Amino acid sequence: MKKFIVFIGAIVLLTSCATVPAGYKGVKVYLLGRKNGTELSVLNVGRYAVGPNTKIYLFPIFQQDFTWGHNNGESSVTPHDPFTFQSKEGINVSVDLGISFHIIPDSVKYVFLKWRKDIDYIANVYFDDLLHDALIHVASGRTIEEIYGTHKRDLLEKVDSIVERQVRPYGIVVDRIFYTGDLKLPDIIVRAINSKMEATQIAQQRENELREVEAEANKKIAQAKGESESKMIKEKNQNEINLLQANTQAKILEVETKAQSLATVIKAKADADANKMLQSALNTKLIEVKRIEKWDGHLPIYTGSANPAITLPR
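### With respect to the overall build of the protein
Secondary structure assignment for the protein yields six helices and 12 strands. Buried residues in the protein amount to 24% of all 314 residues. In the protein, of all internal contacts separated by at least 6 residues, the share reaching a separation of at least 24 is 70%. For the protein, the exposed area adds up to about 22300 Å²; of that, 57% sits on carbon and sulfur atoms.

### What about the packing of helix 3 (residues 119-139) against helix 5 (residues 152-167)?
Between helix 3 and helix 5, the least distance of the axes is 9 Å, while the angle of their chain directions is 135 degrees. Put simply, helix 3 runs oblique to helix 5. Between helix 3 and helix 5 lies a crossing of right-handed hand. Two secondary-structure elements touch here, helix 3 through Tyr126, Phe127, Leu130, Leu131, Ala134, Leu135, His137, Val138 and Ala139 and helix 5 through Leu155, Lys158, Val159, Ile162, Val163, Gln166 and Val167.

### Observations regarding the environment of alanine 139
Of note, alanine 139 is situated in helix 3. Taking the C-alpha atoms as reference points, alanine 139 and phenylalanine 85, separated by 54 residues in sequence, lie 7.2 Å from one another. Not counting chain neighbours up to four residues away, the residues in contact with alanine 139 comprise Phe85, Gln86, Ser87, Lys88, Ile147 and Leu155.

### Points about the sheet that holds strand 9 (residues 97-103)
Strand order in the open sheet made by the three strands is 6-9-10, with antiparallel pairing throughout. Looking at strand neighbours, the two that pair on one side only are strand 6 (64-67) and strand 10 (172-179), the edges of this open sheet. In this sheet, adjacent strand axes meet at a mean angle of 20 degrees when their direction is disregarded. Bridging between strand 9 and strand 10 involves seven bridges; their strand directions are antiparallel. Bridge pairing in strand 10 links phenylalanine 101 to valine 174.

### Comments concerning helix 5
The end-to-end C-alpha distance of helix 5 is 24 Å, a good match for the 22 Å that 16 residues give at a rise of 1.5 Å each. For helix 5, every residue scored as buried is listed here: Leu155, Leu156, Val159, Asp160, Ile162, Val163, Glu164 and Val167. Contacts from the buried residues of helix 5 go to strand 7 (83-86), strand 9, helix 3, helix 4 (144-148) and strand 10.

### Some words on unusual backbone geometry
With a phi angle near 55 degrees, arginine 116 is a residue other than glycine that sits in the positive phi range. Counting through the fold element by element, arginine 116 comes out in the loop between helix 2 (108-115) and helix 3.

### Side note on the nonpolar core
Membership of the largest hydrophobic core comes to 47 residues, with the highest contact counts inside it found for Phe59, Phe85, Ile99, Phe127, Val163 and Ile172. Take this core: its biggest share by element is 11 residues, from helix 3. Beyond its immediate sequence surroundings of up to four residues, phenylalanine 85 is in contact with Ile91, Asn92, Val93, Val95, Leu135, Ile136, Ala139, Ile147, Leu155 and Leu183. Formed by five residues, the second largest nonpolar core is a distinct cluster that contains Val20, Leu43, Val50 and Ile56.

Conventions we followed
- Residues numbered from 1 in each chain as written.
- Predicted model: local features only at pLDDT ≥ 70, side-chain atom pairs only at ≥ 80, totals over all residues.
- Heavy atoms only, no water.
- Helix = DSSP H or I, 4+ residues; strand = E, 2+ residues; numbered from the N terminus.
- Buried < 20%, exposed > 50% of the residue type's maximum accessible area, 1.4 Å probe, protein only.
- Contact = heavy atoms within 4.5 Å.
- Areas by Shrake-Rupley, 256 points an atom, 1.4 Å probe, with all protein chains shown as cover.
- Axes fitted to C-alpha atoms, helices over the stretch in contact; angles between N-to-C directions.
- Parallel < 35°, antiparallel > 145°, perpendicular 65-115°, else oblique.
- Left-handed = near helix turned anticlockwise from the far one by under 90°.
- Pairing = 2+ DSSP bridges.
- Expected span 1.5 Å × (residues − 1).
- Core = buried A, V, L, I, M, F, W, Y, C linked by side-chain atoms within 4.5 Å.

So, in structure tokens, the structure goes:
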């Protein structure tokens, strides 16, 4: 009986409780026996008994931020030297990077089966290797000017795409990869790039000034051309106005001449008609006067029968 009590006490001492806090998933793994590493259970938030034959791995299912190259107190990743890679010309470049990612809750089991380690190992070792390989691959096809200047953002986007393709099948989503410091190049290379950039800026400034001068010259040419064309148009319009006025005066004169001629004809015809009428009236009067002049003053003489006849004296 005493041995049994001692045995039970030993089990109680060896058995402890583990907590899966909010925002985490737990993976319970058997360490010994036939179930050694082959069977596991995914645990939700709660408290669980952990015996000498089991271990619980915690996996956060909220966004994780890890940085490399320095330790700012916000990351659990062990600080180490910045990532180092080479440009297309073989120039060494180093940079501090960070990564944000999260595990899909239903994929916690597959994440553990892939690496059989906790989240710190995945970040410290696996993501470290992935980022380094991706940087070397992408940077080897770019010149130092592209890496340091115009394609700096593009370099990181390409690395992000490569890493995402590697981890997404296991249920890990890369939210972003970001710079946590400046790119570090040999001083002589930095001076050479800065000198070239300064020369390029000066050349662009000169080119812009030349364009401004050309634009001003073109403006003046266009203005002069416009004034010349305006003057020509004005002169042309004035000539057209003068011609129109001359034509109008000619038409008016023509109409007046025709009207005068027509009036003369009408007046002549009216005069002729009046003279004709006057002549006709005068002839009638003249005949009457002649007859009166020939009358001797005697009245007509009546002769003979019931129907007397009047005989006018001759």
